[in-house]
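Chain and residue survey
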Amino acid sequence: MPSDRDLKRLHWRAHHRGTKEADMLIGGFFDAHGGSWNEDERKLFESMLDEQDVDIMAWAHGTAEPPERFAGAMTEALKRLDYIQVAR
């Protein structure tokens, strides 16, 4: 089970990317899914946070293929974009 400190650190890293768009996409993804991840999934997400925001966003939008290490269920969930709240 992750410590509160570990989850807070991941939350902060996901929500402080440098642009509002990346904060919404990556932070929103963490908010929607991070609580249900097991240790391996949290580690995968943490390594994803080391990638460039433009790359992560391109994987989410389907304009670029992720590296093999990120291919799988997490990236498929990222591509759904159902975690983004759209202001109306």
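All residue numbers here refer to positions counted from 1 along the written sequence of the relevant chain. Owing to the predicted nature of the model, reporting of local features is limited to residues with pLDDT of at least 70; listing and counting of side-chain atom pairs is limited to 80 or more, with chain, interface and lining totals taken over all residues. In computing side-chain properties, one takes all heavy atoms of the structure into account and sets aside hydrogens as well as water.

Further remarks concern the packing of helix 2 (residues 20-33) against helix 5 (residues 73-80). To get an axis, a line is fitted to the C-alpha atoms, and for a helix only the part in contact is used. The angle between two axes follows their N-to-C directions and goes from 0 to 180 degrees. Secondary structure elements follow DSSP: runs of H or I of four or more residues count as helices, runs of E of two or more count as strands, with numbering from the N terminus. Where helix 2 meets helix 5, the closest approach of the two axes is 10 Å, and the angle between their N-to-C directions is 115 degrees. Between helix 2 and helix 5 lies a crossing of right-handed hand. Residues Leu25, Phe29 and His33 of helix 2 touch helix 5, and the partners they reach there are Met74, Ala77 and Leu78. In this scheme the crossing of two helices becomes right-handed for a clockwise turn of the near helix relative to the far one and left-handed for an anticlockwise turn of less than a right angle. Throughout, a contact is declared for two residues whenever any of their heavy atoms are within 4.5 Å.

Position of Arg17 among the secondary structure elements: in the loop between helix 1 (4-15) and helix 2. Here a polar contact is taken to be a pair of N or O atoms separated by no more than 3.5 Å, where protein atoms must pair a possible hydrogen donor with a possible acceptor and residues adjacent in sequence count only if both atoms sit in side chains. A polar side-chain atom of Arg17 sits 3.4 Å from the main-chain carbonyl oxygen of Arg13. Arg17 has contacts with Ala22, Asp23, Ile26, Leu49, Glu51, Asp53 and Ile56, leaving out every residue within four places of it along the chain.

Our next topic: the packing of aromatic side chains. Ring pairs are drawn from Phe, Tyr and Trp, using the six-membered ring of Trp, whenever the two centres fall within 6.5 Å, and their geometry is named by plane angle: stacked under 30 degrees, edge-to-face over 60, tilted for the rest. Taken as a whole and judged by the stated rule, the model has seven aromatic pairs. Relative to Phe45, the ring of Phe29 lies with its centre 6.1 Å away and its plane at 45 degrees, an arrangement referred to as tilted. Of the two residues, Phe29 is situated in helix 2 and Phe45 in helix 3 (residues 39-48); the sequence distance between them amounts to 16 residues. On the numbers, 5.2 Å between centres and 65 degrees between planes, the contact of Phe29 with Tyr83 is edge-to-face. Here Phe29, found in helix 2, pairs with Tyr83, found in the segment after helix 5; they are 54 residues apart in sequence, far enough to count as distant. Tyr83 carries the same exposure label as Phe29, and that label is buried. An aromatic cluster of at least three residues, connected via ring pairs, comprises Phe29, Phe30, Trp37, Phe45 and Tyr83. Think of it in three bands: residues with accessible area under 20% of the maximum for their type are buried, residues over 50% are exposed, and the middle band is partly exposed, with areas taken using a 1.4 Å probe on protein chains only.

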